[in-house]
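A structural walkthrough
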Amino acid sequence: MSKRFWRNYAITMLVCLVLAIAVYALRGGFAVVEWEAQAFFLCDAFFIPAALMLCVAALMFVSGDGLFDMIGYGVQKALRLVLSEKRQAEYPKTFYEYKKAKWDTARTPIAHLVAAGLTFMALAAMFLFFSGTV
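Here is what the cut-offs are and how they apply
- Residues numbered from 1 in each chain as written.
- Predicted model: local features only at pLDDT ≥ 70, side-chain atom pairs only at ≥ 80, totals over all residues.
- Heavy atoms only, no water.
- Phe/Tyr/Trp six-rings, centres within 6.5 Å; stacked < 30°, edge-to-face > 60°.
- Helix = DSSP H or I, 4+ residues; strand = E, 2+ residues; numbered from the N terminus.
- Buried < 20%, exposed > 50% of the residue type's maximum accessible area, 1.4 Å probe, protein only.
- Salt bridge = Lys/Arg side-chain N within 4 Å of Asp/Glu carboxyl O.

**Side note on the packing of aromatic side chains**
- Under the defined criterion, the tally for this structure stands at 12 aromatic pairs.
- Summarising the aromatic geometry, the rings of Phe 5 and Tyr 9 are spaced 5.8 Å apart at their centres and angled 15° between planes, so their arrangement reads as stacked. Residue Phe 5 and its partner Tyr 9 are both found in helix α1 (residues 3-27); the two are separated by 4 residues, about one turn of the helix.
- When its relative accessible area of 13% is taken as the criterion, Phe 5 is described as buried.

What follows is the structure in structure tokens.
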């Protein structure tokens, strides 16, 4: 694992932790005394950032290929109609050229989002087990 991954992972974990604390406070977790109720609120607090990070990672993964490419190319093609012909010549003329240029660029890394989401999902499962609802 690279240094960049660990930096991105730490930032993502910090964001998830802030979200978890906010959800825990909004649900009223700080006012509850019983351990089972606190574990239930902690389960909710850790599950929401986990689901959010995993959904963002899934969207980033599918945005790199498939239907989103076709939609993006079509929207860009329509928006370029207002440009001058000289400026239009700078952009790809066919979908194949657009796709080839896109694959030449580096893909956005999502491993840190998946790792943070799975970490928080495991914590949510642990607190669900401790809450006694399972």
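**Focus: the pattern of salt bridges**
- Under the definition given, this model contains 1 salt bridge.
- For Asp 44, the salt bridge identified is with Arg 27, shortest N-O distance 2.8 Å. Highlighted residues: Asp 44 in helix α2 (residues 35-63) and Arg 27 in helix α1, separated in sequence by 17 residues.
- The partly exposed category is assigned to Arg 27, whose relative accessible area is 41%.

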